[in-house]
Structures are given as C-alpha cells and as structure tokens.
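Structure at a glance
What follows is each chain in one-letter form.
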Amino acid sequence: MDKILIRGGAPLRCTVAIRGAKNATLPLMAAAILAEKPCTLHNVPCLHDIFTMDKILSDMGMAVEFTGRYMHLDSSSMNSVEAPYDLVRKMRASFFVLGPLLGRFGKARVSLPGGCAIGARPVDIHLKGLEALGATIRIESGYVEAEGALTGADITLDFPSVGATENMIMAACRASGVTRLSNVAREPEIVDLAQFLNTLGARISGAGTDLITIVGVDALSGGEHTVIGDRIEAGTFLLAAVATHGDVTVQGAQSEHLTAFLGKLEESGATIEIGANRIRAKAANGFEGVDITTQPFPGFPTDLQAQMMAMLSVAQGVSIIKEMVFESRFMQVAELLRMGADIEVDGNTAVVRGVKNLSGAPVMASDLRASAALVIAGLIAQKGETAISRVYHIDRGYERIEERLCALGADIRRVREG
Ligand code: EPZ
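Calculation criteria
- Residues numbered from 1 in each chain as written.
- Predicted model: local features only at pLDDT ≥ 70, side-chain atom pairs only at ≥ 80, totals over all residues.
- Heavy atoms only, no water.
- Pairing = 2+ DSSP bridges.
- Helix = DSSP H or I, 4+ residues; strand = E, 2+ residues; numbered from the N terminus.
- Core = buried A, V, L, I, M, F, W, Y, C linked by side-chain atoms within 4.5 Å.
- Buried < 20%, exposed > 50% of the residue type's maximum accessible area, 1.4 Å probe, protein only.
- Contact = heavy atoms within 4.5 Å.
- Disulfide = S-S within 2.5 Å.
- Near = heavy atom within 4 Å.
- Polar contact = N/O pair within 3.5 Å; in protein donor to acceptor, adjacent residues only side chain to side chain.
- Areas by Shrake-Rupley, 256 points an atom, 1.4 Å probe, with all protein chains shown as cover.
- Axes fitted to C-alpha atoms, helices over the stretch in contact; angles between N-to-C directions.
- Phe/Tyr/Trp six-rings, centres within 6.5 Å; stacked < 30°, edge-to-face > 60°.
- Lys NZ or Arg CZ within 6 Å of the ring centre and 35° of its normal.

1. A closer look at the pairing of strand S3 (residues 39-42)
- For S3 and strand S5 (residues 71-74), the ladder comprises 3 bridges, and the chain directions are antiparallel. Each bridged residue has a counterpart across the sheet, and for Leu 41 the counterpart in S5 is Met 71.
- By the bridge criterion, 4 bridges tie S3 to strand S14 (residues 223-226) in an arrangement that is parallel. Paired with Cys 39 across the bridge in S14 is Gly 223.

2. Regarding the nonpolar core
- Grouped together as the largest cluster of nonpolar side chains are 76 residues, with contacts concentrated most on Val 97, Leu 98, Leu 101, Val 110, Leu 130, Leu 197 and Ile 204.
- For Leu 98, the residues in contact, after removing those within four places along its chain, are Ala 108, Val 110, Leu 127, Leu 130, Val 144, Ala 146 and Asn 167.
- The next biggest cluster of nonpolar side chains, apart from the first, holds 71 residues, and it includes Ile 6, Leu 262, Ala 373 and Ile 380.

3. Some words on the state of the cysteines
- Following the criterion strictly, the structure yields 0 disulfides and no others.
- Cysteine Cys 14 remains unbridged, with the sulfur of Cys 406 as its closest cysteine sulfur at 12 Å.
- Free cysteine: Cys 173, not disulfide-bonded; nearest cysteine sulfur from Cys 39 at 12 Å.
- According to the relative accessible area criterion, Cys 173 is buried, its value standing at 0%.

4. A short note on the site of the ligand
- Taken together, 22 residues lie near the ligand, and Asp 124, Ile 125, Ser 161, Asp 303 and Val 325 sit nearest.
- In the model, an oxygen atom of the ligand is placed 2.7 Å from a nitrogen or oxygen of the Ser 161 side chain.
- Measuring from an oxygen atom of the ligand, one finds a side-chain N or O atom of Asp 303 at 2.6 Å.
- Bound to the protein, the ligand loses 89% of the 820 Å² it would expose on its own.
- Per-element tally for the shell around the ligand: the top contributor is helix H5 (residues 124-132), with 3 residues.

5. Remarks on the sheet that holds strand S1 (residues 2-7)
- The strand order across the open sheet formed by 4 strands is S22-S23-S1-S24, and the pairing between neighbours is mixed. This sheet does not close on itself; its edge strands, each paired only once, are strand S22 (362-364) and strand S24 (411-416). Between one strand and the next, the sheet's axes are offset by a mean angle of 25 degrees, whatever the strand orientation.
- Here 3 bridges tie S22 to strand S23 (residues 386-389), and the two strands are oriented parallel to one another. Each residue of the ladder has a partner; that of Pro 362, found in S23, is Ala 387.
- Across the sheet, helix H12 (residues 368-380) is in contact with S1, S22, S23 and S24; its angle to S1 comes to roughly 35 degrees.

6. What to know about the packing of aromatic side chains
- The tally for this structure, following the rule as stated, stands at 2 aromatic pairs.
- Where Phe 51 meets Phe 66, the ring centres are 6.2 Å apart and the plane angle is 50 degrees; that geometry is what we call tilted. In this pair, Phe 51 is assigned in helix H2 (residues 48-59) and Phe 66 in strand S4 (residues 63-66), connecting sequence segments 15 residues apart.
- Given a relative accessible area of 36%, Phe 51 falls into the partly exposed group.
- Arg 109 extends its terminal NZ or CZ atom over the ring of Tyr 143, reaching a point 3.9 Å from the ring centre.

7. Examining the pairing of strand S16 (residues 271-275)
- Where S16 meets strand S17 (residues 278-282), 5 bridges bridge the pair, whose relative direction is antiparallel. Among the inter-strand pairings, Ile 272 is bridged to a residue of S17, identified as Ala 281.
- The loop that links S16 with its antiparallel partner S17 comprises 2 residues; one of these, Asn 277, has a positive phi angle of about 65 degrees.

8. Brief notes about the environment of Ala 132
- Locating Ala 132 in the fold gives a position in helix H5.
- With 93 residues separating them in the primary sequence, Ala 132 and His 225 have C-alpha atoms 30 Å apart.

9. With respect to unusual backbone geometry
- For the bond from Phe 297 to Pro 298, the omega torsion is 10 degrees, close enough to zero to count as cis.
- Looking at where Pro 298 falls in the secondary structure, it is placed in the loop between strand S18 (292-293) and helix H10 (305-312).
- A positive phi angle, near 100 degrees, is found at Cys 14, a position not held by glycine.
- The backbone phi angle of Arg 400 is positive, close to 45 degrees, even though this residue is not glycine.
- Inspection of the secondary structure assignment puts Arg 400 in the loop between helix H13 (392-395) and helix H14 (401-406).
- For Arg 400, a relative accessible area of 35% corresponds to the partly exposed category.

Following this line, the structure appears as structure tokens:
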C-alpha cells in the first residue's frame, strides 16, 4: 500500500491541466453498451475507477482499448448482461450499466452496489424509474434481475439523483414512445452524456434542465465524443491554491460548471479570474470563513465539501457547513482534528472555527473526497510532516496527484509501503 508524505507551508503557484471528468467518463463508458457500432471517447482520465469500469464491460465481452488518453469501445462481441458483485461493490458507478443493458438487450443481472463510507446509498430511485418504463425487477441473492421491453412514460424522480437520471436516460433511449423525466439531476455530466447519446442517434432534449424528454429509437450507432473537464478536480486544485495563499490557474475546466463554488471562494476573499477554458485563484492575504450548504447542481457541489472544509479550517472566523446530499459525508473531520483543526459536528452540520495553522500528522484516507481534503490539510500544515495512508482512495479520482502538486511547488511524494 502506498503512502503520500507532505511537508506543507509552500504557496502553490503556476498552471495545471485538468483531466477529463471521472463522473462523466463512467456513464459514457456504460452508454457504449447501447452503441451497435464502435465508439471512441477522447480526454479519458487514467484512474482506477476507469479501469474498474473497463473490467466490468470487458467481462461482458465488450472490446475496450484504452491508450491512457482515448478509449475505443466495440459492443459487437458482448456475450453477457451480468455485472458481478466483486466488481460492483468496488465501485458504485458500475450500477450505471443496468439501464443500457435493459435498453439494448431487454435484460440485465447487476449486483446491488451496497453502501460505502459516505452513506447507505440505496438505488430505489433507479429501480422505481426502470419499473415505470416497463421493466420487471426482482432482487435475488443481492442481485437486481431486470427484464422486459421498455415503453416511454412520464416519470418524476423522488430526488434528483445523478445516477438514477443517467440510468433512466440510457434505458429510455431504446423504449418505444416518449419518456419525460422530471425532477432530474442537472449536473454537467448529465449534459455530456446526453450529447454523446445524441451523437449515437438518440433523441434527447432538455438535459441540464429539470425536464428531460427522450424519444425512443430502434437502434443507436457509433460515434466519437470528448469528455468534459473534471470540475471537481479543478475545484480541488483551486482550493489547494487558496488554502496555501498561492496563485494557481487550472486549464481545461469550464467555469460555468463551478459557479456556486467559485462564488463561495470569492466570498471568502480569494481573487478569481476567469478566461477561455481557464480559471485562476489566488489569496495572498488569507481568507475568511463562509457558510456552505451542499445541494444538487447548480448548488454547491457535495464533492467539494470536504476539500472546502480543509481550507476553512485555517480561515479567519467561523464557517457553518451543511451536508444536504449524503447522510454521512464528514469522514474527514476526525483526521482534520488530529491535525489541530477546531470542528464540531452535529448531524449533517459542521461548525468550523478557523485556527492559526494545522500541524502535520499520520492520517488515514477513508473515501475519495475526504482523502483530497487530507492532502489540502497536509499542504497547509507548516509544522511537521503529514503521512496519508490508504492512498488508493485518492487514486480512484485523481491522476498522479502528487506529481501534479509537486509541479505547483508542493513538497509532496509517494512512498511504497509494505
Ligand atoms: C454521483 O453519485 C457521483 N458519482 C458522486 O460522486 C456525487 O457525489 C453524487 O452523484 C452527487 O452529486 C458518479 O457520478 C460516479 P446520487 P450517485 O444518486 O449518482 C440518494 C465522487 O466523489 N439516493 O445523486 O450515486 C443517495 O443516497 C462521487 O466522485 C437515493 O436515496 O449520487 C444520496 O444521498 C461520490 N436513492 C443522494 O440521493 C437512489 O436510488 C444523491 O445520490 C439514488 C440516490
């Protein structure tokens, strides 16, 4: 198991290229199941979660060729509609193959994903929506057994779940008739998926709004698509810049995908400059506490809550952070306290009182974004060394993070352990 060692205090400077979005690439790969001709995805990030989805599709017989930047997918050799427990439990997004399998082949056997560090993460909204499209759903020994010809329907989601919206869009592409989905997720990754599916011949309109209309078609062909930049990775680097009183420009992310987040950074006192395909953040004179409430897009993204908490732990003043999307997404708090932060949690609310500085300590990563928060805390700590264990959590969502932070001036390295 690797460890990441950080000696903090250096302000981060310069420019970093943002990779393709993990949370766009995963549903795009699943959508290739619907394509009856080969597809090519460009700007694919080189991450563990991408390799896991590659394995799931390859085990179903899909031909996947990944060069580390572009990915070629050909579903003509698919010979299975099953996604096994040992892979799905590793990565919840594997569940996104359910909708396209149903849409293309009329049946699917996909393991229930189970919970994870940030919550129980049920899939009831996914299953209710697919049943509304006419699928018969049975739960058998921890697997969802789904089958049936799909018919368009008007469906309102109980909650704008990103994954459920994606599963239902992909299934509805091949339903007979028209499907109208309301109270859907509006994340940029949904828009990216709809654009790719329309390239393949689907007829989707309204992605990015709270009403999506899908006119079912008899088949989808092949095509090419470039994955959008990873807004969460971009936000993570911008937070690291502000937290270290640095000056960093991220290239390859779209500022309109981060409006609520950038507004909060500016409210805290950081200077934000927006250019074509680039965002610059600097905070030479420090920053103040701000209140954050996470919401589905276009609200403040839950995937940047932990990283923002790390930065606010050394802000001037108090910040109130409310996590409204997941039931337990404060896994980073216990570790931040060990580094000298002053944080009190009551249910889904954390009160963060800014301290002068943090000090390095051995800490343990627990989930992807909590781990990113520990990296930011390590970059802040001017005393001692921070040693982060279980860094496989970080590698799921950030490509070579230590190399890219090192290029911005951080004293950070990865050591092999054991
Ligand atoms: C996606 O997860 C992202 N993952 C998550 O990013 C992100 O945090 C989340 O959306 C919210 O933005 C990918 O896109 C691969 P949800 P997803 O369904 O689709 C509840 C990261 O760090 N819910 O929108 O699983 C659920 O429990 C990851 O990159 C139900 O109750 O999220 C949660 O409380 C973490 N029933 C809330 O909705 C359901 O059927 C939001 O979940 C589905 C969800």
